[in-house]
Amino acid sequence: MLYSTTRVVTHRPHRYIKQLVSHMGRKVPTALDQDRGSIMFSLGSCLLVASTAHFDMIVKAGTADAIAAVEDTITGHLLRFATKDTLTVDWLPLVRPATTADDAHLLTLDRTAWTAGSELPSTRAEERTAYFNERRKPESHLVATLGGQIIGTVSTHQASPFPEGAHVFGLWNLLVAEQTRRMSIASALLSAAERLAASQRDVS
C-alpha cells in the first residue's frame, strides 16, 4: 500500500470534515464520529482527523495512480466547499527516507514513545545525545510526517551478516507518537519498510 497526506489549516476543521463525509456518503461508504471521518472509494480510502486549527487527511491506495485519483477527488470537493476560506491542500508522501537532520526529532520521539508499559526500562535509563549511531543509521530508517512534524519511524536492514542470509531483512525501531496512533501510521511505515527492504535486497 501507498500513503499520502496533507494538513489543511482552518479554524473550522470539523465543519469541513462533516461536509466532505456527508457529501461523499451519497456515493460511497463513509463514517463519521466526533473528530474523525473516513471515505472509502473503490480505488482507495481517505482518513480525516480534526485538530484545533487544522485537519489532517491520509490517503491509502494500492498504486500511485489510485493515490492521485483519490487526492484529486478529495481536493476538488473540499475547495468547492471553501467559499469563504482560502484553503491550501499540498499532498505529500506520508513516509519518506530519514536524513541526518532528523536526528533531534527522532531522539525526542524515541524518548517520549516508550512508556512504563513498554517494559524496557534500560531504554529509559540510557542517556543519549543523538538518535543515530554506528548501529542505527539514517539510510536504514524511514520517517512518517504530518504537517512537517515527525510522528513515526521504522528501520530495516539485513538481519544476518552471512551471504546465505543476504535476502533476509528485519524490522526494528518501530515508533509512533502517542497522539497520532490509530491513524494507520504504523501500517504506512511497515508498508514502506517492506518496499525499502525489497529494493535493498534486489541491489544486494
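Numbering of residues begins from 1 in every chain and follows the order in which that chain's sequence is written. In view of the model being predicted, local features appear only for residues whose pLDDT reaches at least 70, and side-chain atom pairs are presented and counted only at 80 or more, with totals across whole chains, interfaces and linings using the full set of residues. Computation of side-chain values covers all heavy atoms of the structure but excludes hydrogens and water.

Engineer: Please set out the overall build of the protein residue by residue, giving values where relevant.
Structural biologist: Check the secondary structure of the protein and you find 5 helices and 10 strands. Considering only contacts in the protein between residues 6 or more positions apart, those separated by 24 or more positions represent 59%. The accessible surface values rely on the Shrake-Rupley method and a 1.4 Å probe; as for residues, cover is taken only from the protein chains in view. Carbon and sulfur atoms form 54% of the exposed surface of the protein, whose accessible area is close to 11400 Å². A run of H or I in DSSP counts as a helix once it spans at least four residues, and a run of E counts as a strand once it spans at least two, with each numbered from the N terminus. Two residues qualify as a contact provided that any one of their heavy atoms is within 4.5 Å of a heavy atom in the partner residue.

Engineer: Can you explain helix 1 (residues 13–24)? Please cite residues and give values.
Structural biologist: Expected span, for any helix, means 1.5 Å times one less than how many residues it has. Over its 12 residues, helix 1 extends 17 Å from the first C-alpha to the last, a length consistent with the 16 Å expected when each residue adds 1.5 Å. Partly exposed describes any residue whose relative accessible area lies between the buried limit of under 20% and the exposed limit of over 50%, with all areas from a 1.4 Å probe on protein chains only and scaled to the type maximum. When helix 1 is considered as a whole, its buried residues turn out to be P13, Y16, I17, L20, V21 and M24. Axial view of helix 1: buried residues confined to an arc of 125°, hence all on one face. Its buried side turned inward, helix 1 meets strand 2 (30–32), strand 3 (36–40), strand 4 (44–50), strand 5 (54–61) and helix 2 (64–81). Regarding the arc, it is the one traced by the directions from the helix axis to the C-beta atoms.

Engineer: Outline the confidence of the model for the protein, listing residues and values.
Structural biologist: pLDDT is defined as a per-residue confidence score from the predictor, taking values between 0 and 100. Mean pLDDT over the protein works out to 89, with 87% of the residues at or above the 70 mark. Here helix 4 (residues 121–125) stands out as the least confident element of the protein, with mean pLDDT 56; strand 5 is the most confident, with 98.

Engineer: Can you lay out the pattern of salt bridges for me, pointing to particular residues and giving the numbers?
Structural biologist: Here, a salt bridge means any side-chain nitrogen of Lys or Arg that lies within 4 Å of a carboxyl oxygen of Asp or Glu. This structure, assessed with the given rule, holds 3 salt bridges. For R12, the salt bridge identified is with D85, shortest N-O distance 2.5 Å. Placement of R12 in the loop between strand 1 (2–9) and helix 1 and of D85 in the loop between helix 2 and strand 6 (92–93) is noted, with a sequence separation of 73 residues between them. The class of D85 is buried, set by a relative accessible area of 17%. One salt bridge connects D102 with R96, and the closest N-O pair in it is separated by 2.9 Å. Overall, the relative accessible area of 31% leaves R96 in the partly exposed class.

Engineer: How would you sum up the packing of aromatic side chains? Please name residues and give values.
Structural biologist: Note on ring pairs: Phe, Tyr and Trp rings are taken, using the six-membered ring of Trp, and paired if centres are within 6.5 Å. Classes follow the plane angle, with under 30 degrees stacked, over 60 edge-to-face and the rest tilted. Throughout the structure, instances matching the rule amount to 1 aromatic pair. A centroid spacing of 5.3 Å and a plane angle of 80° characterise the contact between Y131 and F132, whose relative ring orientation is edge-to-face. Of the two residues, Y131 and F132, neither departs from the other in class, the shared state being buried. When the ring centre of Y16 is taken as reference, the NZ or CZ atom of R15 above it lies at 5.7 Å. When the NZ atom of lysine or the CZ atom of arginine is within 6 Å of a ring's centre and also within 35 degrees of its normal, the charge is said to sit over that ring. If you follow R136 out to its NZ or CZ, it ends over the ring of Y131, 4.5 Å from the centre.

Engineer: Hey, could you go over a nonpolar patch on the surface for me, with residue numbers and the actual values?
Structural biologist: Surface patches are defined over residues having more than 30% relative accessible area and no salt bridge, joining like charges when they lie within 9 Å and nonpolar side chains (Val, Leu, Ile, Met, Phe, Trp, Tyr) when within 5 Å. Taken together, the side chains of L171, L174 and L190 make up a nonpolar region of the molecular surface, amounting to roughly 240 Å² of accessible area. Looking at where L171 falls in the secondary structure, it is placed in strand 10 (residues 169–176). The class for L171 is partly exposed, based on a relative accessible area of 46%.

Engineer: Any chance you could break down the side chain of D102 for me, citing the residues and the numbers?
Structural biologist: Along the polypeptide, D102 turns up in the loop between strand 7 (95–97) and helix 3 (103–113). Polar contacts here mean pairs of N or O atoms no more than 3.5 Å apart (in protein, one a potential hydrogen donor and the other a potential acceptor; neighbouring residues in sequence count only if both atoms are side-chain atoms). Among the polar contacts made by the side chain of D102, one reaches the side chain of R96 at a distance of 2.9 Å. A polar atom in the side chain of D102 sits 2.9 Å from the backbone nitrogen of T99. Residues in contact with D102, not counting those within four places in the same chain, are R96, P97, V143 and I150.

Engineer: Go over the side chain of T180 with me, naming the residues and quoting the values.
Structural biologist: Secondary-structure assignment places T180 in the loop between strand 10 and helix 5 (185–203). On the basis of relative accessibility, which here comes to 7%, the residue T180 falls in the buried class. If sequence neighbours within four positions are ignored, T180 has contacts with L146, I151 and I185.

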